[in-house]
Amino acid sequence: MGKVVIFRTTARRDESWAVVARTGTGTCIASIYPTRAGAEADCEWRGRQVAAYRGFLERNDIPVPHYSIRPYRRADLPRAWRPLPALGFLHGQCR
């Protein structure tokens, strides 16, 4: 009788959770987390930061970013990618 070999799938090993920032028509990856809980916490924090500056953004006709999370593979990130500060879109970092 032969030996049973168990194959582990590695397809999800490099999958992470991304916090995605959407401003107007632009979309960028704000941050990457290994767990969904970490991404949700960051997404909520970024939402609170934007809410605190909402009046300023609207008075200056700056598109208010909307944050969400989605599964993301690190292999799909651009080489020069860096995490986006909560209000980094004000400096043109997410267009």
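The paragraphs below set out a description of the structure included in this document. All of these numbers come straight from a predicted model, not from anything done at the bench.

## So, unusual backbone geometry
Here is step 1: With a phi angle near 55 degrees, aspartate 61 is a residue other than glycine that sits in the positive phi range.
Here is step 2: In this fold, aspartate 61 is placed in the loop between helix 2 (54-59) and strand 3 (66-73).

## Here's the deal with the nonpolar core
As a rule of thumb, soluble globular proteins bury nonpolar side chains together.
Here is step 1: Judged by nonpolar contacts, the single largest core of 13 residues is most densely connected at Val19, Ala21, Ala30, Val50, Tyr67 and Leu84.
Here is step 2: Core analysis: the next-biggest nonpolar cluster, separate from the first, contains seven residues, Ile29, Ile32, Tyr72 and Trp81 among them.

## Side note on the sheet that holds strand 3
Here is step 1: Pairing is antiparallel across the open sheet formed by three strands, whose spatial order is 2-1-3. Single-partner strands in this sheet number two, and they are strand 2 (26-33) and strand 3. Pairs of neighbouring strands in the sheet enclose a mean axial angle of 35 degrees, with direction left out of account.
Here is step 2: Where strand 1 (residues 15-23) and strand 3 come together, eight bridges link them in antiparallel fashion. Residue serine 16 lies in a different strand from strand 3, and its bridge partner there is tyrosine 72.
Here is step 3: Across the sheet, helix 1 (residues 36-52) lies against strand 1, strand 2 and strand 3, angled at about 155 degrees from strand 3, the strand it touches most.

Rules used in this analysis
For every chain, the first residue of the written sequence is number 1, and numbering continues from 1 onward in sequence order. Local features in this predicted model are restricted to residues whose pLDDT is 70 or higher, and side-chain atom pairs enter the listing and the counts only when it is 80 or higher, whereas totals over whole chains, interfaces and linings include all residues. Hydrogens and water are ignored here; the side-chain numbers use all heavy atoms of the structure. Segments assigned H or I by DSSP are reported as helices when at least four residues long, segments assigned E as strands when at least two residues long, and all are numbered from the N terminus. Side-chain atoms within 4.5 Å are what join buried Ala, Val, Leu, Ile, Met, Phe, Trp, Tyr and Cys residues into a set we call a nonpolar core. For every residue, the accessible area obtained with a 1.4 Å probe (protein chains only) is divided by the maximum for its type, and the residue is called buried under 20%, exposed over 50%, and partly exposed between those limits. Only when DSSP finds a minimum of two bridges between them are two strands counted as paired. Orientation is described by axes fitted as lines to C-alpha atoms, over the contacting stretch for helices, and by angles from 0 to 180 degrees between their N-to-C directions. We call two residues contacting when some pair of their heavy atoms lies within 4.5 Å.

Such coordinate-based values are descriptive only and should not be taken to indicate function.
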